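Residue strings, one per chain:
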Amino acid sequence: MKYTGAEILIKLLERQGIRQMAGIPGGANLPMYDALSRSDKIRHILARHEQGAGFIAQGQARVTGKPAVFFATSGPGVTNAVTAVADAKLDSIPIICVSGQVPQEMIGTDAFQEIDTYGLGVPITKHNFFARSARELLEIVPNAFRIAQSGRPGPVWIDIPKDVQNELIHIEGDWPEIGLPEPPPAIDLNSIQEAATMINEARRPVVYIGGGAIHSEASDEIFELIEKIESPTVMTLMGLGTIRSDHPLSLGMLGMHAARFTNHALEECDTLIALGARFDDRATGKVAQFCPDAKIVHIDIDASELNKIKNAHVGIIADLKQALQELLPNIERGSNPDWLERIQILKREYPLDMPFADDPMSPYGSIIQTARMLEGETIITTDVGQHQMRVAQAFPFEKPRQWLTSGGLGTMGFGLPSAIGAALEKPGATVICFSGDGSLLMNIQELVTAVEENANVKIILSNNNSLGLVHQQQELFYRKRIYACKYERQVDFSIIARGFGMQACDLGDCIDPMTTLAKVLAKPGPALINIPQGVEHHVFPMVPPGAANREMLCGELKGSDYAEATT
Amino acid sequence: MNTNTVLEITVNNHPGVIMHVTSLFARRVFNVDGILCMPTLDVSRSRIWLRVKEDERLEQMARQLEKLEDVLMVRRHEASHEVFERIEEFFAA
Ligand SMILES: Cc1ncc(C[n+]2csc(CCOP(=O)(O)OP(=O)(O)O)c2C)c(N)n1
């Protein structure tokens, strides 16, 4: 049979199991779109910006763990897509961007909408391809899927010139095998033994969980480990959800915005068991003073993460789930009552203060009350800023892949499109997007995509009419020289949402905010809930950037501050 | 005193590979002061020789290189290597 390059691409995507994908067409990818229009397997979601399309793909990939695909045209389509792909690189998310490119004979001539996509892709992808012929696609596409999900996952970019999309070739015989994850590296059993000995000898252990635990689906094994040795457990921003937040051994998130008891516990631990974590500066604070007395066991699938920031006493390069399956039989059931007692003392002495938890209008209360009202399967996305850190602190996470946030790149604009992607994959779930007004404006155009898709996305907008986290940093670290972070004009987000066809309500305008919130959350379909909040509310504790984690700032928020803030 | 290290990197022979390799150095503002690349006997592969200054980050960077899809092998030669000494005459002028 004869196929064009574009038809081959679509056929290969179908064979990989792709059923829904976002994108935006343009001159250089029209042949792909033409082929896609004839697919009865793949449904296309028309985004309103390529960054939105990329984050929709991320939402899909983060909730399923499987690669998701999106399309962009050449030139500006590509540059718009870059942020979403770079974000996926830093959080190890398997997405595949397929972009159109000008025809090969025009490459290098500064042709209309030509850009060096390959060059842009190098530092922000796990791997990137330029297809030189239709036949090459038969290798490239399965390889892209293999690479995206093997080892440490990551984004892959495929750039396809228009002439390659149109090239007609004969394909006789079988289609290539689909791309699957490679088997993980063999585990060094000696180091498993060493790790087991170190863990069995620990008197003050802490288990430190990163995003790798989610990617490797190692939650059950980790649960078994921490219960077996009764170890207090901390999670990075990316690791949240691995262990239920309300588990008695969970100390929640560590690092810059951790509860004080969490960072103090780490400081006192004698053995740190790092599982799929990479000692990011937001988690460790000043590295030299992070867990100063601890021996370190570090398990990660990425060899280049071992000894990158902190030297491990035992380093194991392995798929975390498999490594733990080997490790667990060698671990002795045990407990260190003195250590657990000490943790209880730290918890009492240095509690996490979440003021006004009962008030759905307050920064913490809006999160806690929303959580209380949710029923059934729930997925949480956030944008970036104070609201993000508060959700990380306060939301009662129950399971892996329930929590989607931009960790490594910290990209404002992540929340809404990734929520749409999550809703596409989990139509029965309620997807909550906690956002800030600064962040929401960065991909506000995707409101209409949510409406078109009737995605069950509820946006809880913490609206302080400011770039809140910037305001906080200026106040704390720049002698209160507040600059370029307060908006002069107030946006009426309810009207904006309705303009896009989305139902909206303003908790600032209603008599009974609690009832209104519950009503809107219970009604299926997309909605925006605006909550006016004062910019005076800082998110505490906070470790100043560059300081050791023990140096946490904690402002005491008084009732009078709060009254001022909301009026 | 700064001493040289030579990295020998076996890669797939196709466009873009050199960029993947060198960009790992460039983003760390790490100067590569010698670079050679030729196909091996098996022309589907190339060998890249890099001469860089000894640096504590090199271990980590070798691991990053090994992660690249098109990099098949990385070997580190501690001292100066004759591959660069032999071609020095072409740079003597
Ligand atoms: C794309 C992008 N630009 C700039 C920043 C820097 N930044 C981090 S948080 C923040 C403020 C976020 O404001 P908002 O979304 O309203 O959330 P809030 O902090 O008020 O909760 C800014 C500007 C960023 N993270 N991402």
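Note that residues are indexed from 1 along each chain, following the sequence as it is written. By the order in which they are written, chains take letters starting at A while ligands take numbers starting at 1. The predicted nature of this model means local features are confined to residues of pLDDT at least 70 and side-chain atom pairs, given and counted, to a pLDDT of 80 or more, with totals for whole chains, interfaces and linings taken over all residues. Based on all heavy atoms of the structure, the side-chain values leave hydrogens and waters out of the count.

Caption draft 1: Fine view of the packing of aromatic side chains. All names here are of chain A. Pairing of aromatic side chains requires ring centres within 6.5 Å, counting the rings of Phe and Tyr and the six-membered ring of Trp. Pairs whose planes differ by under 30 degrees are stacked, by over 60 edge-to-face, and all others tilted. All chains considered together, the criterion is met by 10 aromatic pairs over all chains. Look at Tyr3 and Trp175: their rings are 5.0 Å apart centre to centre, the planes differ by 85 degrees, and that puts the pair in the edge-to-face class. Here Tyr3, found in strand E1 (residues 2–4), pairs with Trp175, found in the loop between strand E8 (168–170) and helix H8 (189–201); they are 172 residues apart in sequence, far enough to count as distant. Across the pair, Trp175 and Tyr3 agree in class, each one buried. Seen from their ring centres, Phe395 and Phe397 are 5.2 Å apart, and the 45 degrees between their planes marks the pair as tilted. Each member of the pair Phe395 and Phe397 is classed as buried. Ring-pair connections join several aromatic residues into one group, and the members of that group are Phe395, Phe397, Trp403 and Phe434. Its end group placed over the ring of Tyr364, Arg390 keeps NZ or CZ at 5.7 Å from the ring centre. Where helices and strands are cited, they refer to DSSP runs of H or I of at least four residues and of E of at least two residues respectively, numbered from the N terminus. Whether a residue is buried, partly exposed or exposed follows from its accessible area with a 1.4 Å probe, protein chains only, as a fraction of its type maximum: under 20%, in between, or over 50%, in that order. Charge over a ring is defined by NZ of Lys or CZ of Arg lying within 6 Å of the ring centre and within 35 degrees of the ring normal.

Caption draft 2: Quick peek at the environment of A:Phe129. All names here are of chain A. Structurally, Phe129 can be placed in strand E6 (residues 127–130). Separated by 18 residues in sequence, Phe129 and Ala111 have C-alpha atoms that sit 20 Å apart. Excluding anything up to four places from it in sequence, Phe129 contacts Tyr118, Ile140, Asn143, Ala144, Ile147, Val156, Trp157, Ile158 and Asp159. Note on definitions: a residue-residue contact is assigned when non-hydrogen atoms from the two residues lie within 4.5 Å.

Caption draft 3: Just the nonpolar core, in detail. Residue and element names in this part refer to chain A. Remark: nonpolar core denotes a set of buried residues (Ala, Val, Leu, Ile, Met, Phe, Trp, Tyr, Cys) joined through side-chain atoms within 4.5 Å. Ranked by size, the top nonpolar core spans 60 residues in total, and within it Ile222, Leu225, Leu275, Leu324, Phe395 and Ile529 carry the most contacts. Residue contributions to this core peak at 5 residues, all from H8. Delimitation of the domains relies on an automatic or database domain assignment. Here this core spans two domains, since at least three of its residues come from each of domain 2 (189–349) and domain 3 (363–539). Setting aside residues no more than four positions away along its own chain, Leu324 makes contact with Ala218, Glu221, Ile222, Leu225, Leu275 and Ile299. In terms of nonpolar packing, the next biggest core, distinct from the first, is built from 50 residues, Ile45, Ala53, Ile56 and Cys97 among them.

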